[in-house]
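A look at the structure
One letter stands for each residue in the lines below.
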Amino acid sequence: MPRLEDVAERAGVSHQTVSRVINDHPNVSKGTRERVEAAITELGYRRNTAARSLVTRRSQTIGVLASELAQYGPANTLLGVEQAARDAGYFVSIAALRTVNREAILDAVRHFLDQSVDGIVVIVPHSETLLALAEVNAGVPVVAVGSLGDASVSGAMVDQKHGAELAVRHLLDQGHRRIGHVAGPQDWIDGVARAEGWSAALRAAGLEDDLLVVGDWSAGSGYDIGRKLAAERTATALFVGNDQMALGLLRAFSEAGVRVPGDVSVVGFDDQPESGYFTPPLTTVRQDFEELGRRCMDLMLDGIEDGQSVGTTVVEPELVVRRSTSAPV
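An account of the accompanying structure is given in this report. Since this is a predicted model, take the numbers as computed values, not measurements.

1. With respect to the overall build of the protein
Secondary structure assignment for the protein yields 12 helices and 12 strands. Dimensions along the principal axes, computed over C-alpha positions, put the protein at roughly 75 × 45 × 30 Å. Residues counted as buried form 49% of the 329 residues belonging to the protein. In the protein, of all internal contacts separated by at least 6 residues, the share reaching a separation of at least 24 is 71%. As presented, the protein carries roughly 15900 Å² of accessible surface, and 48% of it is formed by carbon and sulfur atoms. Separation of charge centres in the protein, based on 31 positive and 44 negative side chains, amounts to 4 Å.

Structure follows, in structure tokens:
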């Protein structure tokens, strides 16, 4: 394998200059950088990460523990974190949980620690996650995505409650007074927070929060709930816990002859790429997963640098208004 010195000789520079180019140091002229990069490409040079780890005592690897990756939110959170980690010069080792329980979480964390990762990101959006993490003395920074964290675990989250409040206030501004909520599972942190935001916004307006049904995030559950709601006609507007359930609900309403937004207005959550192409295009709440990933890695890097930093960062959601909402008829 070519060495750093081989690259330096081919480029006609010192090995210190090659190191600066590899580490993207700003004090390298454009011409020198181009010669070194050309030499790296010609020789097929690869950085010896094992040797570097011995010197720095860091593996340049972040462990990411994730679950529910079939769902849009967790999957895109993982992509955001992975991109931010690579931008910061870290590799990512992923452990995906098929089932979420205390033992599975603890086993995965211990596996990462055996790999000598520099930090652990946890994307397990269930209420028991922090309880399980509290049992581990990791010795490396841990960031729980989707929560505020605690005294020993940093937290990075989108403000789910505020996002739900944005959705409900939009419907209130349209003139709706009977606003129901199709909630996500209540053992999910996001499901609970969105239900709390819906309830808080209604109570702040002096309205009842009695129209609540719970789904499982899937379009199928949205469809089943939509068929029941179409028969009952108890609400003029619905805040649905995610876009997938909204998709199923819209189909059920269409089959039952319920007009959206003529008879019922519908707001979703996530702003997945297809939501603008639903029939009608869905008003929804957008989450910025790239920004969430960057904020997560900022917390991680702070913890790696000082070994003690624990913090919280919150990303604000955004209401995206399309054609599934209007004033009640």
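2. Comments concerning the sheet that holds strand S6 (residues 179-183)
Taken together, the 4 strands give an open sheet; going across it, the order is S7-S6-S8-S9, and neighbouring strands pair in parallel fashion. Each edge of the open sheet is held by one strand with a lone partner, namely strand S7 (212-214) and strand S9 (265-267). Direction aside, neighbouring strands of the sheet carry axes that sit 20° apart on average. Taken together, the 3 bridges between strand S8 (residues 237-240) and S9 define a ladder with parallel strand orientation. In the sheet register, Phe239 faces S9, and the bridge partner there is Val267. Along the sheet face, helix H11 (residues 243-256) touches S6, S8 and S9 and points at about 150° away from the line of S8.

3. A closer look at the side chain of Ser147
Tracing the backbone shows Ser147 in the loop between strand S4 (142-145) and strand S5 (154-158). Judged by its relative accessible area of 7%, Ser147 falls in the buried class. A polar contact is formed between the side chain of Ser147 and the backbone nitrogen of Gly149, at a distance of 3.1 Å. Here Ser147 is in contact with Leu130, Gly155, Ala156, Met157 and Ile189, once residues within four sequence places are set aside.

4. Regarding the side chain of Thr129
Take Thr129: it is sitting in helix H7 (residues 129-133). A polar atom in the side chain of Thr129 sits 2.9 Å from the backbone oxygen of His126. The contacts of Thr129, once residues within four sequence positions are left out, are Ile105, Val122 and Val124.

5. Looking at the pattern of salt bridges
Scanning the entire structure with this criterion turns up 19 salt bridges. Close ionic contact of Arg3 with Asp6 constitutes a salt bridge, the shortest N to O distance being 3.6 Å. Of the charged contacts, one joins Glu82 and Arg86 as a salt bridge, the two residues approaching to 2.8 Å between their closest N and O atoms. Residue Glu82 and its partner Arg86 are located together in helix H5 (residues 72-87), separated by 4 residues, close to a single helical turn. One connected set of salt bridges, linked through shared partners, spans Asp271, Arg286, Glu318 and Arg322.

Thresholds, definitions, all that
- Residues numbered from 1 in each chain as written.
- Predicted model: local features only at pLDDT ≥ 70, side-chain atom pairs only at ≥ 80, totals over all residues.
- Heavy atoms only, no water.
- Helix = DSSP H or I, 4+ residues; strand = E, 2+ residues; numbered from the N terminus.
- Buried < 20%, exposed > 50% of the residue type's maximum accessible area, 1.4 Å probe, protein only.
- Contact = heavy atoms within 4.5 Å.
- Areas by Shrake-Rupley, 256 points an atom, 1.4 Å probe, with all protein chains shown as cover.
- Lys, Arg positive; Asp, Glu negative; His and termini not counted.
- Charge placed at Lys NZ, Arg CZ, Asp CG, Glu CD.
- Pairing = 2+ DSSP bridges.
- Axes fitted to C-alpha atoms, helices over the stretch in contact; angles between N-to-C directions.
- Polar contact = N/O pair within 3.5 Å; in protein donor to acceptor, adjacent residues only side chain to side chain.
- Salt bridge = Lys/Arg side-chain N within 4 Å of Asp/Glu carboxyl O.

Fair warning: the whole summary comes from geometry, so function is off the table for now.
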